[in-house]
Amino acid sequence: MSDKVLSLQEVAKERTVKTTSVDYDLETLSKKIRRGSIILDPDYQRNHKWDVETSSRLIESLILNIPIPLIYISQDVDVDVESDEPMYSVIDGQQRLRAIYDFMQNKYALKGLETLKDINGLKYKDLPPFLIRRLEDRTVRCLRIDSSSDSQVKLDIFERLNSGSVKLTAQELRNATMRGRFNDLIKDLAKDRFFIQMINDPKESKRVKGMYNYELVLRFLALEGGKYQEYDGKMGNYLDIRMAEFSKISDQNILDEMKTKFKKTMKICFSAFGVNAFSKRKDGKIVSPFNVAVYDALSLAVSENSLSNIDESGREKFESLFSSEEFQNSISGSINDKSKIVYRIKAMMEAFK
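Residues numbered from 1 in each chain as written. Predicted model: local features only at pLDDT ≥ 70, side-chain atom pairs only at ≥ 80, totals over all residues. Heavy atoms only, no water.

Undergrad: Would you mind going over the overall build of the protein chain with me for this structure?
TA: For the protein chain, the helix and strand inventory stands at 16 helices and 7 strands. With 353 residues in all, the protein chain has 48% of them scored as buried. Pairs at least 24 residues apart make up 71% of the contacts formed inside the protein chain by residues separated by at least 6 positions. Carbon and sulfur atoms form 48% of the exposed surface of the protein chain, whose accessible area is close to 18,000 Å². (Helix = DSSP H or I, 4+ residues; strand = E, 2+ residues; numbered from the N terminus. Buried < 20%, exposed > 50% of the residue type's maximum accessible area, 1.4 Å probe, protein only. Contact = heavy atoms within 4.5 Å. Areas by Shrake-Rupley, 256 points an atom, 1.4 Å probe, with all protein chains shown as cover.)

Undergrad: Explain the pairing of strand β7 (residues 285-288) to me, please; I cannot follow it from the model alone.
TA: Walk down a regular strand and you will see the side chains alternate between the two sheet faces. With 3 bridges joining them, strand β6 (residues 280-282) and β7 adopt antiparallel strand pairing. Bridging from a neighbouring strand, Lys 282 pairs with Lys 285 of β7. (Pairing = 2+ DSSP bridges.)

Undergrad: Explanation requested: the packing of helix α10 (residues 212-223) against helix α11 (residues 235-247) in the structure shown.
TA: When two helices pack together, their arrangement is given by the angle between their axes and by how far apart the axes lie. The N-to-C vectors of α10 and α11 enclose an angle of 80°; their axes lie 10 Å apart at closest approach. Classified by the angle their axes make, α10 and α11 are roughly perpendicular. Here Glu 215, Leu 218, Arg 219, Leu 221, Ala 222 and Leu 223 of α10 lie close against α11, whose contacting residues are Met 235, Tyr 238, Leu 239, Arg 242, Met 243 and Phe 246. (Axes fitted to C-alpha atoms, helices over the stretch in contact; angles between N-to-C directions. Parallel < 35°, antiparallel > 145°, perpendicular 65-115°, else oblique.)

Undergrad: How should the pattern of salt bridges be read in this particular structure?
TA: For side chains of opposite charge, pairing can occur when their charged atoms come near one another. Within this structure, the stated rule accounts for 16 salt bridges. Put simply, Arg 242 and Glu 245 hold a salt bridge, and the shortest N to O gap is 2.9 Å. Of this pair, Arg 242 and Glu 245 both sit in helix α11, 3 residues apart, which is roughly one turn of that helix. Overall, Arg 242 belongs to the buried group, its relative accessible area being 10%. The salt bridge partner of Arg 315 is Glu 312, with a shortest N-O separation of 2.7 Å. (Salt bridge = Lys/Arg side-chain N within 4 Å of Asp/Glu carboxyl O.)

Undergrad: Sorry if this is basic, but what is going on with helix α3 (residues 52-63) here?
TA: Since one α-helical turn is 3.6 residues long, residues separated by three or four positions face the same way. Under the 1.5 Å per step criterion, the end-to-end length of α3 is 16 Å for 12 residues, consistent within 8% with the ideal 16 Å. The set of residues buried in α3 consists of Ser 55, Ser 56, Leu 58, Ile 59, Glu 60, Ser 61, Leu 62 and Ile 63. The secondary structure elements touched by the buried residues of α3 are α2 (26-35), α4 (94-104), α5 (129-137) and β5 (139-145). (Expected span 1.5 Å × (residues − 1).)

Undergrad: Quick question: what am I supposed to make of the nonpolar core here?
TA: One recurring pattern in soluble globular proteins: nonpolar side chains tend to sit buried together. Of all hydrophobic cores here, the largest spans 64 residues; its most connected members are Phe 182, Phe 278, Tyr 295, Leu 298, Ile 310 and Met 348. Elements supplying a minimum of two residues to this core: α8 (181-189), α9 (193-198), α10, α11, α12 (252-273), α13 (292-304), α14 (312-321) and α16 (338-351). The element that contributes the greatest number of residues to this core is α13, accounting for 9 residues. Ignoring any residue separated from it by four or fewer positions in sequence, one finds Phe 278 in contact with Met 198, Ile 199, Met 266, Cys 269, Pro 289, Phe 290, Asn 291, Val 294, Tyr 295, Leu 298 and Ser 299. The next biggest cluster of nonpolar side chains, apart from the first, holds 32 residues, and it includes Leu 58, Ile 71, Ile 73 and Phe 103. (Core = buried A, V, L, I, M, F, W, Y, C linked by side-chain atoms within 4.5 Å.)

Undergrad: How should the environment of Lys 31 be read in this particular structure?
TA: Here Lys 31 lies in helix α2. By relative accessible area, which is 38% here, Lys 31 ends up partly exposed. Taking the C-alpha atoms as reference, Lys 31 lies 8.9 Å from Tyr 101; in sequence the two are 70 residues apart.

Undergrad: What is the right way to look at the packing of aromatic side chains in this model?
TA: Pairs of aromatic rings are described using the distance from one ring centre to the other and the angle between the two planes. Under the definition given, this model contains 14 aromatic pairs. Pairing Phe 195 with Phe 262 gives two aromatic rings, centres 5.4 Å apart and planes at 65°, and the pair type is edge-to-face. With Phe 195 in helix α9 and Phe 262 in helix α12, this pair connects stretches of sequence that are 67 residues apart. The pair formed by Phe 195 and Phe 262 is uniform in burial state, with each residue classed as buried. Taking the centre distance of 5.5 Å and the plane angle of 75° together, the rings of Phe 220 and Phe 262 count as edge-to-face. Residue Phe 220 is located in helix α10, and its partner Phe 262 is located in helix α12; the two are separated by 42 residues in the primary sequence. (Phe/Tyr/Trp six-rings, centres within 6.5 Å; stacked < 30°, edge-to-face > 60°.)

Okay, structure coming up:
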């Protein structure tokens, strides 16, 4: 047998996912969600959220025993203290489970139904008893992904399942598959008051949707400390790997150091340049209120140089960089090219020396 075939067999063996099919009745599912053994992350944000009519049609389908797609859940290492049962996170089907749970918690009334028109306007508690029993006894098939599958395998599953019209963003996938203290840290730092203003990010802006603001925090932490020189030129893959590494950190002191470094850096950038710190300039004018390449260059230069402030001379040098054709090239076009990232960070570092 050739080395190529042996290698192929080994990869196939490593990447094979262990799964188990299980049917849960809706009453059991609702109880598991309520006590947190099936996790519907309240911070889990998507570009798409079901409205009441869409949720109502799902409830109608369940009442009528119309088949619905599989729910994919991932078994976690943690155990539910209350029941001593395994805990699960949702890989695919979060919107369906949310619609079921919210209805059974009387959070919305049915709307827009055409087949069962008579129950429009009713909440779960208002349904006739026989319909309540039918819903509670209705089963939904779930496919459980074994806990032995590592986060990268789960991420791959998530990407494949969400390759349709409602595709999740890369950071939403990371958030769903790599929960833990580091993920919580990212969410906390994304609320930093200086950071929020500099990415021109009011609460409901597009950078909040899709967790792009969280990804910007991850991007800083993944590149700082000289790690930008290890970057391989594929930003999505690089952030996946760094996120997986950071998720394994158990030392709270290390996480606290990350927090301090990020917050200090954002404060210095804001103190020197205000809300336009990460703006792209050209010919003395702001041409884009936020530019991720400028964000890389400025924030990492401040961090790498261990600056405590940026004086007038530093601000002038910062502005003069935008007159350089080479620097303009490094913050334009394919900004995730390794050569461009390394150049703009080093150019900015040199300006502040």
